[in-house]
Structures are given as structure tokens and as C-alpha cells.
Protein chains: 2
Amino acid sequence: MPHLPHTSIHLNALADFPMIEPNNDLATVLIQSLQHNGIALETRDVVVLAQKIVSKAEGRLVRLADVQPSARALEVAEEINKDSRMIELILSESREIVAQRPGVLIVEHRLGYIMANAGIDQSNIDHPNDEEYALLLPENPDQTCAQLKSALDRHFNADVGVIINDSFGRPWRMGVTGVALGSAGLPSLLSLIGKPDLYGRAMRVSEIAFADEIAAAASLIMGQTSAGQPVVHVRGLQWEEPSNSAQTLLRPRHQDLFR
Amino acid sequence: MPHLPHTSIHLNALADFPMIEPNNDLATVLIQSLQHNGIALETRDVVVLAQKIVSKAEGRLVRLADVQPSARALEVAEEINKDSRMIELILSESREIVAQRPGVLIVEHRLGYIMANAGIDQSNIDHPNDEEYALLLPENPDQTCAQLKSALDRHFNADVGVIINDSFGRPWRMGVTGVALGSAGLPSLLSLIGKPDLYGRAMRVSEIAFADEIAAAASLIMGQTSAGQPVVHVRGLQWEEPSNSAQTLLRPRHQDLFR
């Protein structure tokens with residue numbers, strides 16, 4: 001089965017996407033916003049949602065004043081000079097610390113992502129009465145994507161893809177790039193093993209982090225500042241490979257040279 | 001200065017891009033292909049070229065029969081069970097070996113990229129008389145981008161961006177993603193330090209690997225197989241930050257937790 005060529009891809013940020021509050025029904029808000037933007041989703045369209053709005057909808061906001069740091073959190077906080085309540089939250093969302101430097105813990109998140117500070121963010125969060133809040137990652141991004149896909153498929157009578165993205169730093173390279181925390185309806189890891197190259201020679205590059213590349217493309221348009229555009233509609237992608245979840249993008253520990 | 005929002009981004013693969021041969025003038029071929037595709041470049045348009053066509057144009061094809069492996073190359077070849085002539089080429093293009101496993105050397109390339117096998121590829125290469133060839137990375141991707149930008153700017157009377165991309169594997173995550181080997185005319189690393197978030201709080205995520213995200217987006221459309229579309233035109237990106245080269249994306253060793 002050939003990998004179909006994409007001739008062109010169009011990324012479009014949804015205009016006027018509303019501020020998301022805890023317990024908003026994200027599927028309903030999303031469908032309304034797509035309609036407001038005059039977009040009728042088609043099969044192979046992909047919708048990319050910023051992690052922050054999913055976390056907010058899931059009520060993953062934690063008031064720092066309510067966090068009681070453990071002895072371990074106090075110890076790590078001292079080591080890396082960071083708020084012990086943030087450390088407590090990071091540790092509670094993580095399987096283990098992979099590395100650390102002042103202000104940053106690189107951890108294995110409970111869902112397997114290797115990332116800074118378990119993805120917990122103090123930025124861009126409502127803070128009524130000037131209280132300090134932190135926003136945790138969604139409970140289960142793959143599951144949320146599957147639920148959103150199901151609602152979108154039903155509403156638009158199509159077979160769409162959904163990705164929740166976030167920005168990760170990387171070893172060796174500066175700056176963050178968009179990556180897929182969760183996905184549904186597309187091959188997150190797209191395997192081209194055994195497909196011939198231009199000269200019929202077997203491919204050497206075998207697997208493409210398809211969902212991460214889509215997540216990075218969407219990040220280009222989401223903006224990180226006051227222009228916040230947390231939902232991006234992608235049209236023009238093509239694939240024939242079966243879907244697999246964003247968990248497929250996690251490298252098994254025994255295959256990893258850098259842990 | 002606000003970071004301008006992108007409302008939409010359009011990626012378009014150039015149709016009928018010709019096979020590139022050694023010593024082709026890439027700027028001329030590129031301009032002809034853009035014209036053939038009815039594209040008049042505008043300021044802030046970005047053209048992304050696959051590494052392979054730049055390497056080919058620069059004559060970076062090496063006949064393996066001409067490679068004489070050193071004692072060190074023979075030793076490493078034995079350790080990782082790989083063709084000693086390929087090892088010789090990899091070592092000659094590298095500053096040091098960062099890690100190794102069967103078939104793969106992770107090296108610091110002479111230009112600073114940490115990557116598998118110094119980016120040397122045996123796939124998708126002409127092999128007349130069934131001889132074995134390998135294709136090295138371009139001599140100086142940033143410089144080539146600057147030269148192409150200069151030719152494109154002059155021809156189209158615009159101020160465009162140019163990126164040369166390649167696909168890199170990553171620690172911790174499966175699959176390859178597009179990254180920028182070289183760039184010109186855009187902020188490869190886009191710094192948002194101190195810009196306010198939605199609530200006026202200082203940004204925590206400070207630097208975006210803008211050129212890598214563009215490179216990844218372009219990879220989505222380039223295809224890895226017989227559909228090879230090595231040049232992608234990107235329209236709709238916006239930025240105000242000053243340009244910096246793809247070398248800016250390399251993390252200084254002393255800041256790196258994973259070396």
C-alpha cells in the first residue's frame with residue numbers, strides 16, 4: 001500500500017475560541033466553534049487542541065495553598081531551588097526523576113512522557129484573588145482524544161483525527177516544539193518499514209512521528225502569548241496506515257540509549 | 001513588540017520538482033519550479049528543501065568503493081556490526097561519538113548536530129552500475145540557505161525564509177521528525193522571553209524552536225517514499241523577531257543534561 005502524497009496542507013486557527021472553564025463540555029464548545037468558523041469537518045481532517053484548554057475543561061487546576069509538600073518534595077525543592085508545593089505536584093504526577101537542574105525536574109510522567117516538570121504550568125492560568133494555581137496535564141489525553149473524535153465523527157458524519165499537543169524541550173537542541181500528548185483517529189507513529197524508496201531500495205528511515213509533526217505544525221499557529229489560539233484545524237493530510245495512540249510514540253525504556 | 005498571530009498557514013509541495021544531479025544550480029532550478037507551480041514568493045514566505053537534494057546538488061555523493069576505512073573505523077564497525085566504509089565516512093563527518101548501538105552511531109556532527117550516523121544515508125540515491133554510494137550532509141546548510149535566500153529575494157523582490165530540513169530520531173520518543181539543518185531569513189530560535197501571557201504574567205516557556213517546527217510541518221508533506229516531494233512552500237507564517245541561523249538551535253554542551 002503506497003503512502004499517499006500530500007499535495008498541500010492547510011492549518012487554520014479557530015477564531016474566537018472561548019475561554020474554557022472547569023467542567024465545560026469541550027466537545028460541545030468545539031463543535032460550536034467549528035460551526036462559528038464555517039468549518040464542516042471531513043474525513044482525514046485533524047483537530048489539534050492545546051493541552052491547557054483540555055486540562056482546564058477537566059478541572060486540573062490546583063490551588064497551591066492547598067498543596068502539602070512531603071519531606072521528599074521539600075528535599076528536592078531545596079536541591080533545585082523551586083517552590084516545594086510545585087515539586088509535590090510534579091512528583092505526584094511522575095513515576096521518577098530522570099534528571100534535574102535549578103528550577104527544572106525532568107521526569108517520567110505517570111503516562112510515560114519524559115518531560116520538564118511533569119508538564120505542570122503556572123502560566124496562562126486564571127488566578128482569582130491573586131491566588132497561585134498550577135495546571136496539571138489532562139488525566140488521559142488519548143482517552144479524551146478518542147471521546148472528542150467520537151463526538152466530532154458523529155456530528156460531522158466523518159472519520160477525523162484529534163490530537164492534544166503540548167510544547168516539550170529536548171536534549172541537544174534549544175527551544176521547545178509541539179508534541180502529541182494524546183491522539184485518536186490517525187497513526188501517531190507511521191511505519192514505512194519495507195516500503196521502497198525512489199530506486200526500489202528498502203527504506204532505512206522506518207518510522208515517522210506523524211502525530212508529533214502535526215502537533216509541531218499546529219504549534220506554529222497556536223501562539224504562546226496574548227494571541228492564544230488553542231485549537232487548530234488541519235486539512236490535507238493523507239494516510240492509509242491504521243491508527244495508533246500517542247502512547248505509541250513513547251520509546252520503550254530498554255530501547256533508549258539516553259536513560 | 002507582540003508576537004503576531006498566524007491565522008492560517010498553507011503548505012504546498014512543489015509539483016514536478018526535477019531530479020537533482022551533482023552541480024545543478026539549485027537556485028535556478030528552484031526559481032524555475034516555483035514559476036512552473038505558479039508561485040510568486042512574498043515576504044515571510046518560507047521555502048523548505050529536503051537535505052537530500054541539497055547534498056546531491058553539492059556533489060556530496062561518495063562511492064563506497066573509494067572509501068578506505070581507518071583502523072578506528074574497522075574497530076567501531078566490528079563493535080556495532082556496520083559497514084566499515086560507512087563508519088569511516090561517519091567518523092570523518094563527526095566530532096565525536098555520543099552513543100552507539102548495533103547499526104547506529106549517535107554522533108556530534110562536525111556542524112554540531114547530535115544525530116544518527118552523521119546524517120549519512122544510503123537510501124534514495126542514484127547508484128549507476130549497481131555501485132554503492134552514500135550521501136553526506138551538505139557542506140554548510142546555513143550558508144546554502146543564505147545563498148538561496150539571496151537569489152530568491154532578488155528574483156521575487158521579497159524577503160523570504162529558507163530552511164534545509166532532515167529527519168532526526170530523538171531520545172525517549174519513537175519515530176523521526178523534521179528538523180532544520182540550516183536556515184536563513186527567519187528566527188530559527190524564536191525568543192518570547194518576558195512577553196506577557198493572557199493574564200499579564202511573565203511567560204515561562206521562553207524559546208520556541210521555530211525553524212524545527214516549520215521543518216516538521218514540511219516533513220508532513222515531503223513524503224518519504226516514491227512520492228518524494230523535496231520542496232515545500234509555506235505561506236502564512238508571521239514573525240517580528242530578528243533572524244538567527246539554525247546553528248542557534250544547537251544546545252551548548254554545558255547547558256545539556258543529556259551528554
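These numbers come from a predicted model, not from an experiment.

## Considering the domain arrangement of chain A
Residue and element names in this part refer to chain A.
- As assigned here, chain A comprises domain 1 (10-55 + 138-250) and domain 2 (61-135).
- Every contact between the two is made by 14 residues of domain 1 and, on the other side, 11 residues of domain 2.
- A combined buried area of about 1,100 Å² lies between domain 1 and domain 2, and 53% of that area is made up of carbon and sulfur atoms.
- Three residues, Lys52, Phe168 and Leu250, lead the burial of domain 1 against domain 2; their summed loss comes to 40% of the area buried on that side.
- The interface formed by domain 1 and domain 2 holds one salt bridge in total.
- Residue Asp121 is joined to Lys52 by a salt bridge in which the shortest nitrogen-to-oxygen separation is 3.2 Å.
- Applying the counting rule to domain 1 against domain 2 returns five residue pairs in polar contact (both at pLDDT 80 or more).

## Things to note about the packing of aromatic side chains
- Throughout the structure, instances matching the rule amount to six aromatic pairs over all chains.
- Look at Tyr113(A) and Phe168(A): their rings are 6.4 Å apart centre to centre, the planes differ by 70 degrees, and that puts the pair in the edge-to-face class. Taken together, the residues span a long stretch of sequence, with Tyr113(A) in the loop between strand S5 (104-109) and strand S6 (114-116) and Phe168(A) in strand S8 (residues 161-168) at a distance of 55 residues. This pair shows no difference in class: Tyr113(A) is buried, exactly as Phe168(A) is.
- Ring plane angle 70 degrees and centroid distance 5.8 Å describe the contact between Phe210(B) and Trp239(B), whose orientation is recorded as edge-to-face. Residue Phe210(B) is located in helix H6 (residues 210-222), and its partner Trp239(B) is located in the segment after strand S12 (231-235); the two are separated by 29 residues in the primary sequence.

## Focus on the sheet that holds strand S8 (residues 161-168) of chain B
- Strand order in this open sheet of 10 strands is S9(A)-S8(A)-S2(A)-S12(A)-S1(A)-S1(B)-S12(B)-S2(B)-S8(B)-S9(B), and the pairing throughout is mixed. Each edge of the open sheet carries a strand with a single partner, namely strand S9 (177-184) of chain A together with strand S9 (177-184) of chain B. Between one strand axis and the next, the sheet turns through 25 degrees on average, direction left out of account.
- Here five bridges tie strand S2 (residues 46-50) of chain A to S8(A), and the two strands are oriented parallel to one another. What sits directly across from Ala50(A), in S8(A), is Asn165(A).
- In the packing of helix H6 (residues 210-222) of chain A onto the sheet, the strands contacted are strand S1 (8-13), S2, S8, S9 and strand S12 (231-235) of chain A together with strand S1 (8-13) and S9 of chain B, and the crossing angle to S9(A) comes to about 120 degrees.

## Focus: helix H3 (residues 71-80) of chain B
All names here are of chain B.
- Restricting attention to buried positions, one finds in H3 the residues Ala73, Val76, Ala77 and Ile80. In an axial view of H3, the angular spread of the buried residues amounts to 105 degrees, which keeps them on one side of the axis. Seen from the open side of H3, the exposed residues pointing more than 90 degrees away from its buried face are Ala71 and Glu78.
- Residues of H3 that are buried make contact with helix H4 (84-92), strand S4 (94-101) and strand S5 (104-109).
- Backbone geometry just after H3 places Asn81 at a positive phi near 55 degrees.

## Considerations on the nonpolar core
- With 60 residues, the main nonpolar core has Ile214(A) and Ile214(B) as its most contacted residues.
- Counting only elements with at least two residues in this core, the list comes to S1, S2, H6 and S12 of chain A together with S1, strand S2 (46-50), H6 and S12 of chain B.

## A look at the sheet that holds S5(B)
All names here are of chain B.
- Pairing is antiparallel in the open sheet, where three strands are placed in the order S4-S5-S6. Looking at the sheet topology across the chains shown, the edges are occupied by S4 and strand S6 (114-116). Across this sheet, the average inter-strand angle for adjacent strands is 30 degrees, counted without regard to direction.
- Alignment of S4 against S5, held across six bridges, turns out to be antiparallel. The residue bridging Ile97 from the neighbouring strand is Val107, located in S5.

## A short note on the environment of Leu220(A)
- Examined against the element boundaries, Leu220(A) turns out to sit in helix H6.
- Separated by 43 residues in sequence, Leu220(A) and Thr177(A) place their C-alpha atoms 8.9 Å apart.

## Some points on the packing of helix H1 (residues 26-36) of chain B against helix H5 (residues 141-156) of chain B
Residue and element names in this part refer to chain B.
- The interhelical angle for the contact between H1 and H5, taken along N-to-C directions, is 45 degrees, at an axis separation of 10 Å. Between H1 and H5, the interaxial angle falls into the category oblique. When you trace H1 past H5, the crossing you get is right-handed. Across from Leu26, Ala27, Leu30, Ile31, Leu34 and Gln35 in H1, the residues of H5 making contact are Leu148, Ala151, Leu152, His155 and Phe156.
- Here the residues of the contact of H1 with H5 are counted per class, giving nine nonpolar, two polar and no charged.

## Description of the side chain of Gln51(B)
- Of note, Gln51(B) is situated in helix H2 (residues 51-57).
- Residue contacts for Gln51(B): discarding those within four places in its chain leaves Leu135(B), Leu136(B), Leu137(B), Pro138(B), Ile164(B), Asn165(B), Asp166(B) and Leu181(B).

## A look at the pairing of S5(A)
Residues and elements named next belong to chain A.
- Taken across its six residues, S5 has six buried, putting it largely inside the fold.
- Of the two faces of S5, the one carrying Val104, Ile106 and Glu108 and the one carrying Leu105, Val107 and His109 are both buried.
- Hairpin connection, strand S4 (residues 94-101) to S5: the antiparallel pair is bridged by two residues, and Gly103 has positive phi, about 85 degrees.

## Side note on the pairing of S5(B)
Residues and elements named next belong to chain B.
- As paired strands, S5 and S6 are joined by three bridges and run antiparallel to one another. Residue Glu108 lies in a different strand from S6, and its bridge partner there is Ile114.
- What sits between the antiparallel neighbours S5 and S6 is a turn of four residues, in which Gly112 has the positive phi angle 105 degrees.

## Observations regarding the pattern of salt bridges
Residues and elements named next belong to chain A.
- If you walk through the whole model with that rule in mind, you get 38 salt bridges over all chains.
- A salt bridge links Glu139 to Arg60; the nearest nitrogen and oxygen atoms lie 3.0 Å apart. With a gap of 79 residues between them, Glu139 in the loop between strand S7 (133-135) and helix H5 (141-156) and Arg60 in the loop between helix H2 (51-57) and strand S3 (61-63) connect regions that are remote in the sequence.
- Residues Asp159 and Lys149 are paired through a salt bridge, measuring 2.5 Å at the closest nitrogen-oxygen approach. Of this pair, Asp159 sits in the loop between H5 and S8 while Lys149 sits in helix H5, and the two are 10 residues apart along the sequence.
- You can call Asp159 partly exposed: its relative accessible area is 35%.

Criteria and cut-off values
- Residues numbered from 1 in each chain as written.
- Chains lettered and ligands numbered in written order.
- Predicted model: local features only at pLDDT ≥ 70, side-chain atom pairs only at ≥ 80, totals over all residues.
- Heavy atoms only, no water.
- Domains from an automatic or database assignment.
- Contact = heavy atoms within 4.5 Å.
- Buried area = accessible area lost by both parts, 1.4 Å probe.
- Salt bridge = Lys/Arg side-chain N within 4 Å of Asp/Glu carboxyl O.
- Polar contact = N/O pair within 3.5 Å; in protein donor to acceptor, adjacent residues only side chain to side chain.
- Phe/Tyr/Trp six-rings, centres within 6.5 Å; stacked < 30°, edge-to-face > 60°.
- Helix = DSSP H or I, 4+ residues; strand = E, 2+ residues; numbered from the N terminus.
- Buried < 20%, exposed > 50% of the residue type's maximum accessible area, 1.4 Å probe, protein only.
- Pairing = 2+ DSSP bridges.
- Axes fitted to C-alpha atoms, helices over the stretch in contact; angles between N-to-C directions.
- Arc of directions from axis to C-beta.
- Core = buried A, V, L, I, M, F, W, Y, C linked by side-chain atoms within 4.5 Å.
- Parallel < 35°, antiparallel > 145°, perpendicular 65-115°, else oblique.
- Left-handed = near helix turned anticlockwise from the far one by under 90°.
- Nonpolar A, V, L, I, M, F, W, Y, C, P; charged D, E, K, R; others polar.

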